[in-house]
Structures are given as C-alpha cells and as structure tokens.
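Structure assessment
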Amino acid sequence: MGITFFFLVLAPLCLIWATRPDRLIQLMVIMGIFEASAAITIGGFGIAPSILPAMTMVAYIGTQFLLGARYPGRARVWPLAAPLIGLAGWALLTSWLSPRLFEGRAYVWPQKSTPPFVITPLAPTSSNLNQDLYLLLNIILFVMVALYATRQGPAGHPFHPVRILRAYFASVLLAFGFGIWQFASHVAHVPFPSDILYSNPGWSILTEQTIGSLPRINATFSEPSAFGSYMAAGAFCSGWLILNDFPGTLVRITLAVAIAGVLLSTSATGIVSLGIGALIVVFMGLTIHAKRFLPIIRRRAIQFLLFSVLLAVLVTVMVPDLLTSLSTIFDSVTNKQGSESYNERSSTDLDSLQAAIDTFGFGVGWGSNRSSSLIPGLLAAIGIPGMLGLLWFGWRLVSRVRSLGKMDRKLPDIQLVNGASAIVVSYLVSACLSGPTITSATFYVFLALLISGIVRAESTQAGKASARLFPPAARRQPESGTDMRDRPLQHSWVITP
C-alpha cells in the first residue's frame, strides 16, 4: 500500500471537518477534478482523493443514524430516491445473476482489457465485484447527502447548500488553472507535477496527444475528453444560473473560464457538449419564461459576441500561427465520423447493443461490459427493465422541478435546484456522447442536492400555500363579571386582525 501527496493533505482536513459534513461535501466536489490521482494505492488499484472525504462523511452520518438522529425532509426524500435505490439493487442482482445465467451466450468488452484487447465471451469476473463496490458507495453517498442537505444546520453553523455550488465553480477554476499550467509545460517546458496528478495506477493517462502543432490538454483528468466534458458542464451550469439571476461575479468568471477550458482541451466531446448545452439553455429559456428570458438571452448573446470578436482579433495579432492549429481542431471535430477512434467507439457500442439482444433484454450484468457511450452501456449492463426504471426516475424529477417554476428564482433552494439540475444534465450529455458510465462522486452529490433542493423548496411552497387569506375566527370573550350560563345560547364570532 502506498501513501501519496493527496493523502497527506486530505487526511488532516477530514479529521478537522469530521463533524462538518457540509465542509466534507465541498471538499469532495473540489477533489473530484483529480480523477487521475490517487490518495492511496494498493497494487494496481488506486483510491481517488474524493473518496476520503466521502468515506468520512458516510461514517459521521451513519453514526448519527445509529444514535437515533433523523433529518427533517426524510419523508419526502425517500419517495424521490426510492427508484434509484431500487435500480441499484437491480444492478447488483444482475451483476451476480446474468454472467452465470447467460455465460458464453453473449460477447462483451471487459472493463479492463489486456492485450490484444479483444471481445470475449461473457463470464463472471472480478470486475463485477469492483463495479458493485463503486456503485454501492455512490448510492450510499447519494442517500446520505440527500438526507443531510434537508437540514438547516446547528446554531452557529447554518447549512447553506448554495456554498456547494460555489465550491463547484472553484473546482472549474482550479481545473482550468492546472490546464494552463500543463499548456505552459508543453510549450515553455515549465515544470509540471505529473507524478502527483497522475498517480492512479488504475487509469490509462493520455498526456502526449497533439492536434497538429497544438498539444491536447487533460489538466488533472485522465484524458482531454474528460477535461473538456468537465469544462462544458461548468459552462452549462454557470450559463443557466446567470439567466436565472444567480448573484455574484464568480459565476460569470466561471462561464468565461469554462468556455476557454473546452477550447484548451481540444476535445470533440467537450466542444459538442458545449454546443448542446448552449442549445438546451436557449431552448429552456424560451419555452419556460419567454417574455423574461428573450431580452436576457439577446443581451448576453450580444455581450458574448463582442467579447469573442475582441478575443479573436487579439489572438490573430499576437499569435498568428494559432489559426492553423484552430483549423486543424475544427477539421478533427467536423470529420470525427471518419476517424479510427470514432469507428472503434461505434463498434464497441454496437457490440454492447448486441449483448443486450443476446440476453433477451435483461443485460449481461453490472460490471461485465464496457461500452463507449452511456446508453448502449446501460442497456448492456442493466437491460431494458433497468432503462425503463431510469426513465421513470428521470421523469419524476423533471415533473417535480417543473412544479417549482412559479417560485422566486432568487430563493437559495431554487438556485440550488437550477444549478444541480444543470450539472446533472451536462454529465448525462457528455456521457451519452463518449462515456461508458458515470462513476464520479460529484455527479451523485449533485443528484442528491437536486432531490434535497426539491424537498426544501416544496416545503417552503407548502408553507406559503397553507396560509389563508382570512384567518380563522376567534370566539368573543365574555364581558367581565358576566356568567356565560346566564346568557342565551348563541354563536357570536369576530374576525381577528
């Protein structure tokens, strides 16, 4: 077992904040960008830095449950979270049952292939257990964050869920800073801490890729597409919150930095995700509140256009050779369908769909197959029943979010719902383009915050709805010295102010 730099930094912080789950959640979000790093290495397996604060938080909240603690929104959280918990149970069941029931009947791409990297017959492997452990930890984390985030916090330490959004913005800025640092290392040979950032032996790290003369940047992630997807998610979230009047300049800085990060990554996945996110933001703005959003979109679009023109002029004058590299990037994105990697990804997805068909729609089991994109991977893993359950879970969340549309968008709970939903959607978009699954703890944290935000907002909405226009009448008090038994029977009421 090996101890890395991240363990030496995170272990004291986890001890200091062991009784402050809100701080641990923020630490998890920030550490989520170091996916290619390890806090602890065990042979060929590495424990990601975000796992340490996650395990500390799970231990603290689990201890509270054992001591009898209950959270105020649990009655509303459990019905919302139940479909995902049930799907996790189905995935765990298929990971054991399907490889044995359909052994040799279907062909799959293993989770961690060894040369010559070929498709193999379905059979039970250790990958089933490994992926089960990842899923189980993420689901436990999801449930505990969803329950904890419904509380108000103790005296002196109130819980402000919007601070977690600001921690997410800080993580985007931090990842971009490492991306600039890596770019300077490639161009000007500035020392870069590669040994620290790429210490996870369980990941294949792609750091030497180039497009023409321009190096591809993966920053703290394992590959440029992961970095570009994270930046695209930051741009989608910050752009949607700006249109919903999120206060502060941090969100506006994040939007500009995230867009620059997508371009810095030169990732086709990031660029396409950014374009899809922009279309979703405009579409939602025009369909939800067209009268309010249309002037805002026009104003922001003009500002963005002027900024882009100014930036293009400065870049053209200062770095004229960059235009050739940008042309190469554009060609690589637009001609992606003719590339060898695209053909390999498409073949992997088609094989995953065939595996789902060969198992009569039940799937080959969680952890048995690794696809190139999310939907074929889920169909191969949990089959048609699992996909139907996911659609039902997503539809319930969408309907509950839409029911909050008339509430004040400046309320912290509505800001949390808007921000968390944008992050969750952006993760799904990127994974549908080129992600076999979503194992990032950040995704499950914000999915939990989305549910807790819905619960808190619905509680506020219910409290306001229960207020009556006219308060109930109060019985008139008898005059002093008068016995009520001597008065005739009557019903006399007054309206109290």
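Everything that follows concerns the structure shown earlier in this document.
What counts and how
Residues numbered from 1 in each chain as written. Predicted model: local features only at pLDDT ≥ 70, side-chain atom pairs only at ≥ 80, totals over all residues. Heavy atoms only, no water. Helix = DSSP H or I, 4+ residues; strand = E, 2+ residues; numbered from the N terminus. Buried < 20%, exposed > 50% of the residue type's maximum accessible area, 1.4 Å probe, protein only. Areas by Shrake-Rupley, 256 points an atom, 1.4 Å probe, with all protein chains shown as cover. Salt bridge = Lys/Arg side-chain N within 4 Å of Asp/Glu carboxyl O. Polar contact = N/O pair within 3.5 Å; in protein donor to acceptor, adjacent residues only side chain to side chain. Contact = heavy atoms within 4.5 Å. Expected span 1.5 Å × (residues − 1). Bend = angle between axes of the 7 residues up to and from the residue. 1 Å grid on protein atoms, 1.4 Å probe; cavity = no way out; pocket = protein on both sides within 12 Å on 5 of 7 lines; lining within 4 Å. Points joined across faces, edges and corners; volume = space filled by probe spheres on them. Nonpolar A, V, L, I, M, F, W, Y, C, P; charged D, E, K, R; others polar. Patch = residues over 30% accessible without salt bridge, like charges linked within 9 Å, V, L, I, M, F, W, Y side chains within 5 Å. Axes fitted to C-alpha atoms, helices over the stretch in contact; angles between N-to-C directions. Parallel < 35°, antiparallel > 145°, perpendicular 65-115°, else oblique. Left-handed = near helix turned anticlockwise from the far one by under 90°. Phe/Tyr/Trp six-rings, centres within 6.5 Å; stacked < 30°, edge-to-face > 60°. Pairing = 2+ DSSP bridges. Core = buried A, V, L, I, M, F, W, Y, C linked by side-chain atoms within 4.5 Å.

Next up on the list: the overall build of the chain. Looking only at helices and strands, the chain features 16 helices and 9 strands. Considering the chain as a whole, with its 497 residues, one finds that 44% of them fall into the buried category. With the model as given, the accessible surface of the chain reaches about 25,200 Å², and the carbon-plus-sulfur share is 67%.

In this section: the pattern of salt bridges. The tally for this structure, following the rule as stated, stands at 4 salt bridges. Notably, a salt bridge pairs E458 with R76, separated by 3.4 Å at the nearest N-O pair. One end of the pair, E458, is in helix α16 (residues 441-465); the other, R76, is in helix α4 (residues 74-101), with 382 residues separating them in the sequence. One continuous salt-bridge network, built from bridges that share partners, spans R76, R400 and E458.

The subject of this paragraph is the side chain of N128. Here N128 shows up in helix α5 (residues 126-148). In this structure the side chain of N128 is engaged in a polar contact, spanning 3.0 Å, whose partner is the backbone oxygen of W366. In this structure, N128 is in contact with S95, P99, A123, W366, G367 and S368, ignoring residues within four places of it in sequence.

This part covers α4. The terminal C-alpha atoms of α4 lie 38 Å apart, and with 28 residues this matches the ideal 40 Å at 1.5 Å per residue to within 8%. Its axis deflected by about 45° at A82, α4 carries its strongest bend there, up to four residues before the proline P83.

Further remarks concern empty space enclosed by the protein. Counted according to the given criterion, the structure contains 2 cavities of 30 Å³ or more. Here the largest cavity is characterised by a volume of approximately 180 Å³. Listed by contribution, the elements that provide at least two residues to the lining of the largest cavity are α5 and α14 (374-402). Per-element tally for the lining of the largest cavity: the top contributor is α5, with 4 residues. When the residues that make up the lining of the largest cavity are grouped by side-chain class, the tally is 8 nonpolar, 9 polar and 1 charged.

On the surface, L93, W96, L97 and L101 cluster together to form a nonpolar patch covering roughly 420 Å² of accessible area. Note on placement: L101 falls in helix α4.

Right, let's get into the packing of α14 against helix α15 (residues 412-434). Remark: α14 packs on α15, axes separated minimally by 14 Å, with the N-to-C direction vectors making an angle of 160°. The angle between the axes of α14 and α15 places the two elements in the roughly antiparallel class. With respect to the hand of their crossing, α14 and α15 are arranged in left-handed fashion. Judged by residue contacts, L374, I375 and V401 of α14 engage V417, L428, A431 and C432 from α15. Of the residues assigned to the contact of α14 with α15, the class counts are 7 nonpolar, no polar and no charged.

With their axes 10 Å apart at the nearest point, α4 and α14 run at an angle of 170° to one another. The angle between α4 and α14 falls in the class roughly antiparallel. Here P79, L80, P83, L84, L87, W90, A91 and T94 of α4 lie close against α14, whose contacting residues are A381, I382, P385, G386, G389, L390, W392, F393, R396, L397 and R400.

Two measures describe an aromatic ring pair: the distance that separates the ring centres and the angle between the ring planes. According to the stated counting rule, one finds 15 aromatic pairs in the structure shown. On the basis of an interplanar angle of 85° and a centroid distance of 6.0 Å, the ring pair of F169 and F246 is categorised as edge-to-face. Here F169 is found in helix α6 (residues 162-188), whereas its partner F246 is found in the loop between α8 (224-243) and α9 (250-265), with 77 residues between them in sequence. The same class applies to F169 as to F246, namely buried.

This part takes up α14. Taking 1.5 Å per residue, 29 residues should reach 42 Å; α14 reaches only 25 Å between its end C-alpha atoms and comes up short. Its maximal kink placed at I382, α14 deviates by approximately 115°, while the proline P385 follows within four residues.

Strand pairing in a sheet relies on backbone hydrogen bonds, with the paired strands running either antiparallel or parallel. If you walk across this open sheet you meet the 3 strands as β1-β2-β3, and the pairing is antiparallel. The open sheet has two edge strands with one neighbour each: β1 (2-3) and β3 (45-47).

Among the nonpolar cores identified, the biggest contains 109 residues, and M57, L141, F142, Y168, F446, L447 and L449 are the most heavily contacted of them. Setting aside its immediate chain neighbours within four residues, M57 contacts P21, L24, I25, M28, L141, M144 and V145. If you look at the next biggest cluster of nonpolar residues, it comprises 6 residues, including F102, A106, V108 and A355.

Before going further, it helps to examine the side chain of S127. Its location among the elements puts S127 in helix α5. In this structure S127 comes out as buried when scored by relative accessible area, which is 16%. Excluding residues that lie within four positions of it along the chain, S127 makes contacts with Q111 and G367.

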